[in-house]
Amino acid sequence: MSPQMSSRLQSISLHAWRWVSASDRMARMAVIAVYAFLVITGATTSSIGVAELRQDPSHPEGYQIGSSSVIRSDEFNAFSPIAISIMATGAAPTTSYLAAPADVVHRYPSGGFFETFVYFDSTMLRAAAILPDEMVFAAHWWLPAVALFLFLPKWFEQVGSSRNMGWLAAFLIALSPAASWWTMMPIQLIAYTVAGSSLLLSAYCGFKSKRSALPLLQSVVGGILLAGIPSFYIPWSLVLGLPVLAASALWILSRKDGWLPKLKPLASPLVSH
């Protein structure tokens, strides 16, 4: 290799390393890499492999480390079967005729056009028609955690704190007993709310800088994410979701700017609800 080529490669490598090591880009890339690995391998922490649901408990298919938690019956008797039903049918899941409508609580579209976008995480399960089931199930399982780790540090920085505190908060939420006990439901609720709120804050900054296309897209996507707040477990929606949204809205409204850049991003959650 010529000295000129070697010098050029070293310069490119140095610039690439500076870009990756700046801020928390390396950590964010690691989160995406771990997510990709878990999706490709189809690995989850689901207890769907509990013995009574196995096709043959003495000769089970797949691989499982440890034993399923029998106490997680709400997950392997409700949440995961609904996800698997959507994957199998490509439509609304098959539920009991005696059961109350569960599309809001379990976040799946039941035929409405806008539900397809608001409950995007369940809509993605239909990709099982062309992708391996285990990969689609894992992608759906870990998506809230990815959103949490990618957006919470950014949201902390946007409202005046540091990304390091955001990473600490993300780890505390992901490793909390509530996240384990309720099969990641608290993560799912707060992650999408934080992601939507962060996009609204970004949209506000864009509108303030006289940009239009990207801030408009951020407002629409943020509104879709925030429209799912009434789903899941309503008491948690009030305790975990609304404070994040309220703090974001108050931060925007407290800026010393004109009202139009403030109202544009805040209008999308109102319209979506």
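The rules we used
Residues numbered from 1 in each chain as written. Predicted model: local features only at pLDDT ≥ 70, side-chain atom pairs only at ≥ 80, totals over all residues. Heavy atoms only, no water. Helix = DSSP H or I, 4+ residues; strand = E, 2+ residues; numbered from the N terminus. Expected span 1.5 Å × (residues − 1). Buried < 20%, exposed > 50% of the residue type's maximum accessible area, 1.4 Å probe, protein only. Contact = heavy atoms within 4.5 Å. Core = buried A, V, L, I, M, F, W, Y, C linked by side-chain atoms within 4.5 Å. Patch = residues over 30% accessible without salt bridge, like charges linked within 9 Å, V, L, I, M, F, W, Y side chains within 5 Å. Areas by Shrake-Rupley, 256 points an atom, 1.4 Å probe, with all protein chains shown as cover. Salt bridge = Lys/Arg side-chain N within 4 Å of Asp/Glu carboxyl O. pLDDT = per-residue confidence, 0-100.

Section: helix 9 (residues 185–208)
A rise of 1.5 Å per residue sets the reference length of helix 9, with its 24 residues, at 34 Å; its end C-alpha atoms lie 35 Å apart and thus fit the reference within 8%. The buried fraction of helix 9 is high, at 22 of 24 residues. The first or second residue beyond helix 9 is lysine 210, which carries a positive phi of 70°.

A word on the environment of valine 118
Note that valine 118 resides in helix 4 (residues 113–118). Once the C-alpha coordinates of valine 118 and alanine 227 are considered, the two residues, 109 residues apart in sequence, prove to be 6.4 Å apart. Setting aside residues no more than four positions away along its own chain, valine 118 makes contact with Arg107, Ile224, Ala227 and Gly228.

Quick look at the nonpolar core
Counting 50 residues, the largest nonpolar core has Tyr35, Trp142, Leu148, Leu152 and Trp155 as its most contacted members. Those elements that place two or more of their residues in this core are helix 2 (25–41), helix 3 (73–89), helix 6 (133–158), helix 7 (163–174), helix 9 and helix 11 (234–253). The leading source of residues in this core is helix 6, at 15 residues. Beyond its immediate sequence surroundings of up to four residues, tryptophan 142 is in contact with Tyr35, Leu38, Ala43, Thr44, Thr45 and Met184.

Considering a nonpolar patch on the surface
A contiguous nonpolar surface patch, about 360 Å² in accessible area, is contributed by Ile234, Leu238, Val239 and Leu242. Mapped onto the fold, isoleucine 234 is located in helix 11.

Points about the pattern of salt bridges
One pass over the full model with this rule turns up one salt bridge. Its salt-bridge partner being glutamate 157, residue arginine 163 comes within 3.1 Å of it at the nearest N-O pair. In this structure arginine 163 comes out as buried when scored by relative accessible area, which is 15%.

Describing the confidence of the model for the protein
Mean pLDDT for the protein: 80, with 81% of residues reaching 70 or above. Within the protein, helix 6 carries the highest mean pLDDT (92), whereas helix 1 (residues 3–21) carries the lowest (54).

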